[in-house]
Amino acid sequence: HVDDETRLGVKPLRGRMRAINGSHVVSFDDKAGSEIDIAWAEVALTPKSLSIIMNRYVFGFKGSPLKDLVVRAEGDHIVQTGTMHKLIDIPFEMNAELSVTEDGWIKIHPTRMSISGLDGEKLLKAVGRSLQDMMDLSGGRGVKVVGNDILMDPLAPLPAPKIVGRLTSIRVEGGEVVQTFGSPNAPGAGPMP
């Protein structure tokens with residue numbers, strides 16, 4: 001449970017949970033006092049849960065340029081709709097491919113954009129701009145824009161308990177976004193004796 005409305009669909013998860021204060025006792029009642037260190041996991045997010053995470057935790061900061069985001073899965077990609085604020089509120093729709101950067105961030109690469117019903121890529125090119133020029137994400141945590149790609153740290157925006165792990169792959173499968181952390185062959189990924 002991320003919160004009362006949002007769930008992470010943890011498929012397999014191997015790793016360790018530890019108390020941040022260095023003691024050997026983890027209190028499940030103290031989320032802020034514990035940390036989950038993932039050796040290997042697969043975590044699935046429904047479009048509804050992903051939409052809530054994007055609105056509350058990724059783009060839920062004061063001055064955020066994006067709001068009212070709704071994510072849906074279509075085949076092997078996602079479609080995001082919402083409102084971009086740049087002097088005025090501008091409706092947009094973006095089809096995007098998901099991949100993982102070398103440093104373990106989620107890369108949301110637009111394959112088609114519509115801004116106020118117009119071809120977003122042509123519009124941005126005509127005015128000599130990119131999404132990076134249009135979106136100030138300096139108030140965000142674990143999110144940035146490079147060119148037209150939105151990059152997100154998959155763990156930084158989430159509330160306690162702190163989760164440590166490296167995203168190694170991401171895919172859209174069965175109408176969900178499935179993230180893989182680590183590897184089943186990683187140290188600590190095997191079952192405990």
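As a reminder, the structure under discussion sits directly above these lines.
Residues numbered from 1 in each chain as written. Predicted model: local features only at pLDDT ≥ 70, side-chain atom pairs only at ≥ 80, totals over all residues. Heavy atoms only, no water.

> Honestly, unusual backbone geometry in this entry has me stumped. Any pointers?
With the exception of glycine, the majority of residues adopt a negative phi angle, and the majority of peptide bonds are in the trans configuration. Of note, the amide linkage connecting Ala160 to Pro161 takes the cis form, showing an omega dihedral of 5 degrees. Note on placement: Pro161 falls in the loop between strand S9 (149-152) and strand S10 (162-164). Its identity as a non-glycine residue notwithstanding, Asp68 has a phi of 55 degrees, on the positive side. Mapped onto the secondary structure, Asp68 falls in strand S3 (residues 66-74). Given the relative accessible area of 52%, Asp68 is considered exposed. Residues other than glycine seldom take positive phi values, yet Leu87 does so here, at roughly 70 degrees. Mapped onto the secondary structure, Leu87 falls in the loop between strand S4 (77-86) and strand S5 (88-100). What makes Leu87 exposed here is its relative accessible area of 83%. (Helix = DSSP H or I, 4+ residues; strand = E, 2+ residues; numbered from the N terminus. Buried < 20%, exposed > 50% of the residue type's maximum accessible area, 1.4 Å probe, protein only.)

> Looking at this structure, I do not really get the side chain of Thr83. What am I missing?
With respect to the helices and strands, Thr83 occurs in strand S4. Overall, Thr83 belongs to the buried group, its relative accessible area being 15%. Setting aside anything within four residues of it in sequence, one finds Thr83 in contact with Pro65, Leu66, Lys67, Asp68, Asp89, Ile90, Pro91 and Phe92. (Contact = heavy atoms within 4.5 Å.)

> Which parts of the structure should I look at to understand the nonpolar core?
Nonpolar side chains in soluble globular proteins generally cluster together in the buried interior. In this structure, Met54, Phe59, Ile108, Met135 and Ile150 are the most contacted members of the largest nonpolar core, which totals 41 residues. It is S5 that provides the largest number of residues to this core, a total of five residues. Setting aside residues up to four positions removed in sequence, Phe59 forms contacts with Met54, Ser64, Leu66, Leu69, Leu137, Val143 and Ile150. (Core = buried A, V, L, I, M, F, W, Y, C linked by side-chain atoms within 4.5 Å.)

> Please clarify how the pattern of salt bridges should be interpreted in this entry.
Close approach of charged atoms allows side chains of opposite charge to pair. The final tally for this structure, using the stated rule, is 11 salt bridges. Here Glu35 ties to Arg18 by a salt bridge, and the two come within 2.8 Å at their closest N and O atoms. Of this pair, Glu35 sits in strand S2 (residues 34-45) while Arg18 is found in strand S1 (residues 9-19), placing the two residues 17 residues apart along the sequence. The partner of Arg72 in a salt bridge is Glu93, and the shortest N-O contact between them spans 3.9 Å. Here Arg72 is found in strand S3, whereas its partner Glu93 is found in strand S5, with 21 residues between them in sequence. Using a relative accessible area of 26% as the deciding quantity, one classes Glu93 as partly exposed. What emerges from the salt-bridge pattern is a single network uniting Arg18, Glu35, Asp37 and Lys162. (Salt bridge = Lys/Arg side-chain N within 4 Å of Asp/Glu carboxyl O.)

Read these as spatial facts, not as claims about activity.
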